[in-house]
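Report on the structure
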Amino acid sequence: MVNLILFGPPGSGKGTQSANIIDKYGLLHLSTGDLLRAEIAEKTPLGLEAKKFIDQGALVPDEVVIGMISTKLDANPEAKGFIFDGFPRTTAQAEALDKLLALKKTAISMVLSLEVPEDELVRRLLNRGLTSGRTDDANEGVVKARIVEYHNKTAPVADHYGKFGKFKKVKGDGTVDSTFELLSKEIDELVSERV
Ligand code: AP5
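Bear in mind the structure is a predicted one, so any value in this text is a computation, not a measurement.

1. Overview of the site of the ligand
Taken together, 30 residues lie near the ligand, and Pro10, Gly15, Thr16, Gly33 and Gly86 sit nearest. Those elements giving two or more residues to the shell around the ligand turn out to be α1 (14-25), α2 (32-41), α3 (45-54), α6 (118-132) and α9 (176-194). Tallied by class, the residues present in the shell around the ligand amount to eleven nonpolar, 13 polar and six charged.

2. A few points about the UniProt feature "binding site: AMP" (unreviewed entry) in the protein chain
The UniProt record annotates "binding site: AMP" (unreviewed entry) at Thr32, Arg37, Ala58, Leu59, Val60, Gly86, Phe87, Pro88, Arg89, Gln93, Arg134 and Arg146. In terms of the greatest pairwise C-alpha distance, the residues named above, spread along 115 residues, do not form a single cluster, extending to 24.2 Å across. Here Arg134 is to be found in the loop between α6 and α7 (140-154). The exposure class assigned to Arg134 is partly exposed, which follows from the 14 C-beta atoms found within 10 Å. Those residues in contact with Arg134, other than ones at most four positions away along the chain, are Arg128 and Gly129. Tracing the sequence through the fold places Arg146 in helix α7. For Arg146, the residues in contact, after removing those within four places along its chain, are Pro10, Gly57 and Asp136.

Rules of the game
- Residues numbered from 1 in each chain as written.
- Predicted model: local features only at pLDDT ≥ 70, side-chain atom pairs only at ≥ 80, totals over all residues.
- Near = placed C-beta within 6 Å.
- Helix = DSSP H or I, 4+ residues; strand = E, 2+ residues; numbered from the N terminus.
- Nonpolar A, V, L, I, M, F, W, Y, C, P; charged D, E, K, R; others polar.
- UniProt positions renumbered as here; feature names shortened; annotations may be inferred.
- Buried ≥ 20, exposed ≤ 12 C-beta atoms within 10 Å, placed from the backbone.
- Contact = placed C-beta atoms within 7 Å.

Structure follows, in C-alpha cells:
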C-alpha cells in the first residue's frame, strides 16, 4: 500500500497535482479542505463552525479534521492507498494520522512537499479568488493569514516526517505538467522499491 501526503503552503498546487496523481496511480484522494467545503455547502453544524475559522484564514480545530479523516479511512477499507491533501496540518494531526494508519497496519510512505515562492502563492490564490467563489481567496489579508498559519503551525510537520527520512521537497513553481513530472518521478521510485 502506498500512502502519500501532498504537502505545501496554500496555493502550492496540492489540489491540482492530487487530481493528476489519483488518475495515474489510483490512490484515494482525501482533502480536508474539500471535505470542509462540502460540510459548509450543506450547512451542517460542523460546516457552520468550520466556516468561522476558514473565512479568517485560520486552521479548523484538530479534533474536527482528525474525526473527518478517521471516518473516511473506516469507510474505504478496500482502498489500495491514499493521498492526503491539506492534512496533516499540525504535529498533533500528524501523530493522530500515524496512529489511525497503524490501526490499519499501514503507514505514510512519503511526504512530497511542493516548494513555491510566497509572491507566486499570493498571485495564484488572488487570481483563483476572482472566479472560484472561495471566500478564503477573496482578499489579500486572508490569503496572507493562511500563509502565516502555514509557517507557524504546518511547517513543523516537516520535522515529524523528516525524522523518519520520509520528507522530500519538490520544485513546485514550474508549469502544472513539469511539476507533475517531478512528482511522478518520486512516486515511481517509491513504487519500484516496493515491488
Ligand atoms: P485547503 O482547501 O486545504 O486549502 P489550502 O491548503 O489553503 O490550499 P489551496 O486549495 O488554496 O491550494 P493548493 O495547494 O491545493 O493549490 P491548488 O492546486 O488549489 O484548506 C482551506 C482551509 O480549510 C484552511 O485554510 C483551513 O481553514 C481549513 N483546513 C483544511 N484542512 C485543514 C486541516 N487539516 N486542519 C485545519 N484546518 C484545515 O492551486 C491553487 C491555484 O493555483 C489554482 O488556481 C491552480 O489552478 C493554480 N496552480 C496550481 N498549480 C499551478 C502551477 N504549476 N502554475 C500556475 N498555477 C498553478
